[in-house]
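Residues per chain are reported as follows:
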Amino acid sequence: GESVGLHLPTLSVQEGDNSIINCAYSNSASDYFIWYKQESGKGPQFIIDIRSNMDKRQGQRVTVLLNKTVKHLSLQIAATQPGDSAVYFCAESNYGGSQGNLIFGKGTKLSVKP
Amino acid sequence: DVKVTQSSRYLVKRTGEKVFLECVQDMDHENMFWYRQDPGLGLRLIYFSYDVKMKEKGDIPEGYSVSREKKERFSLILESASTNQTSMYLCASSLGWGKGSYNEQFFGPGTRLTVL
């Protein structure tokens, strides 16, 4: 597979369990956050986003939680499936700052055991 | 569906060669970006453009240049490729500033460049 997964924090879960991937962001002025999923050999794909005026947002099988007090973001995946195996990146943005730039975390590799 | 395409999935070049990486998006996005992705370093922004013929340096512009002659196309140029430019290159695009989008970027599949 692609080498993007090397040297990353790794989370290993059993199929069917819930996964929680954490991210600490750096800028207290950031007001928009995204989670991306990157499968081996592919570009990052959007999963879910959240604005700073919210602390929770739910999608299909995924939930993002935002704790601005401690600058922490988490992605919860319910009933994890083998197809969820990928590297997950959080990204932050200051909408009031420069045009459209995202700052990406280093990523976490999720491995799902069947 | 937003589609961002990159001209090559895999590319092998020799040191000193001039390399062009092409990116095309089909959703009339204003902003386009070039990143490189390396193990343990995540995505690092090389250059971005928020309009035709406009370009801004990202975090690691040295050794690279870009061209945006048309809105849908953003090219990354390595004037004289070096071995330390071996990497995965990712192109992305997003809606323009203040267009109702909170900066979500759509990525292409990536080009894995090897410089020998």
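Reference entry: report on the structure contained in this document. Within each chain, residue numbers correspond to sequence positions counted from 1 in written order. Working convention: letters from A go to chains and numbers from 1 go to ligands, in the order in which they are written. For a predicted model such as this one, the threshold for reporting local features is a pLDDT of at least 70, and the threshold for listing and counting side-chain atom pairs is 80 or more; totals across whole chains, interfaces and linings nevertheless cover every residue. Neither water nor hydrogens contribute to the side-chain values; these are computed over all heavy atoms in the structure.

**Details of the overall build of chain A**
Along chain A, the regular secondary structure elements total zero helices and ten strands. The rule is simple: take the accessible area with a 1.4 Å probe, protein chains only, and divide by the maximum for that residue type; under 20% is buried, over 50% is exposed, in between is partly exposed. A buried classification covers 45% of the 114 residues belonging to chain A. The criterion used for residue contact is that any of the two residues' heavy atoms lie within 4.5 Å. In chain A, 55% of the contacts between residues at least 6 apart in sequence involve partners at least 24 apart. Per-residue and other accessible areas were derived by the Shrake-Rupley procedure at a 1.4 Å probe size, with only the shown protein chains allowed to occlude residues. Entry remark: accessible area of chain A is about 5,600 Å², with carbon and sulfur atoms responsible for 46%. Each helix is a run of DSSP H or I of at least 4 residues and each strand a run of E of at least 2, with the numbering of both proceeding from the N terminus.

**A few points about the environment of leucine 21 of chain B**
All names here are of chain B. Along the polypeptide, leucine 21 turns up in strand S3 (residues 19-25). For leucine 21, a relative accessible area of 0% puts it in the buried group. For the pair formed by leucine 21 and tryptophan 34, sequence separation is 13 residues and the distance between their alpha carbons is 9.7 Å. Once residues lying within four places of it in the same chain are set aside, the contact partners of leucine 21 are Ser7, Leu11, Trp34, Phe74, Ser75, Leu76, Tyr89 and Thr111.

**So, the state of the cysteines**
All names here are of chain A. Only a pair of cysteine sulfur atoms within 2.5 Å qualifies as a disulfide here. A full pass over the atoms with the stated rule returns two disulfides over all chains. Here cysteine 23 pairs with cysteine 90 through a disulfide, and the sulfurs are 1.6 Å apart. Sign of the S-S torsion, about 40° for the bond between cysteine 23 and cysteine 90, identifies this disulfide as right-handed. Within this pair, whereas cysteine 23 is found in strand S2 (residues 19-24), its partner cysteine 90 is found in strand S8 (residues 86-93), the two being separated by 67 residues in sequence. Its relative accessible area of 8% is what places cysteine 23 among the buried residues.

**Quick notes on the sheet that holds S3 of chain B**
Residue and element names in this part refer to chain B. Pairing within the open sheet is antiparallel, and its four strands lie in the order S1-S3-S8-S7. The sheet is open, and its two edges are formed by strand S1 (4-6) and strand S7 (65-70), each paired on a single side. Each strand of the sheet is rotated relative to its neighbour by a mean of 20°, with strand direction disregarded. In short, DSSP must find at least two bridges between two strands for them to pair. Sheet topology note: the S1/S3 ladder contains three bridges and is antiparallel. Pairing of threonine 5 across the sheet is with valine 24, part of S3. Axis geometry follows a simple rule: fit a line to the C-alpha atoms, using only the stretch in contact for helices, then measure angles between N-to-C directions, giving values from 0 to 180 degrees.

**Re the side chain of threonine 111 of chain B**
Residues and elements named next belong to chain B. Tracing the sequence through the fold places threonine 111 in strand S11 (residues 111-115). Using a relative accessible area of 1% as the deciding quantity, one classes threonine 111 as buried. Looking at threonine 111, its side chain comes within polar contact range of the main-chain oxygen of serine 8, at 2.5 Å. Beyond its immediate chain neighbours, meaning those up to four positions away, threonine 111 contacts Gln6, Ser8, Arg9, Leu11, Leu21, Ser87, Met88 and Tyr89. We define a polar contact as two N or O atoms separated by no more than 3.5 Å, with the added condition that, inside protein, one atom must be a possible hydrogen donor and the other a possible acceptor, whereas residues neighbouring each other in sequence contribute only through side-chain atom pairs.

**Some details on the packing of aromatic side chains**
By convention here, two paired aromatic rings are described through the distance between centres and the angle between planes. Aromatic contacts are taken between Phe, Tyr and Trp rings whose centres are within 6.5 Å, Trp giving its six-membered ring; a plane angle under 30 degrees counts as stacked, one over 60 as edge-to-face, and the others as tilted. Applying the stated criterion across every chain, the model contains nine aromatic pairs over all chains. Plain terms: the ring middles of tyrosine 36 of chain A and phenylalanine 104 of chain A are 5.8 Å apart, the flat faces sit at 45° to each other, and that makes the pair tilted. You can see tyrosine 36 of chain A sitting in strand S3 (residues 32-38) and its partner phenylalanine 104 of chain A sitting in strand S9 (residues 103-104), a full 68 residues away along the chain. On the accessibility criterion, phenylalanine 104 of chain A (12% relative accessible area) is buried. Judged by centre distance (6.3 Å) and plane angle (25°), the ring pair of phenylalanine 33 of chain B and tyrosine 35 of chain B falls under stacked. A relative accessible area of 0% means that phenylalanine 33 of chain B is categorised as buried. Residue classification places tyrosine 35 of chain B among the buried residues on the basis of a relative accessible area of 1%. Ring pairing ties together the aromatic residues Tyr36 and Phe104 of chain A together with Phe33, Tyr35, Phe48 and Phe107 of chain B, which thus form one cluster.

**Description of the sheet that holds strand S5 (residues 56-58) of chain A**
All names here are of chain A. On the basis of which strands lie adjacent, the open sheet formed by four strands has the order S2-S7-S6-S5 and antiparallel pairing. Because the sheet does not close on itself, it has two edges, and the strands there are S2 and S5. Strand-to-strand twist of the sheet, defined as the mean angle between neighbouring strand axes without regard to direction, takes the value 15°. For S5 and strand S6 (residues 62-67), the ladder comprises three bridges, and the chain directions are antiparallel. Note that in S6 the partner of arginine 57 across the bridge is valine 64.

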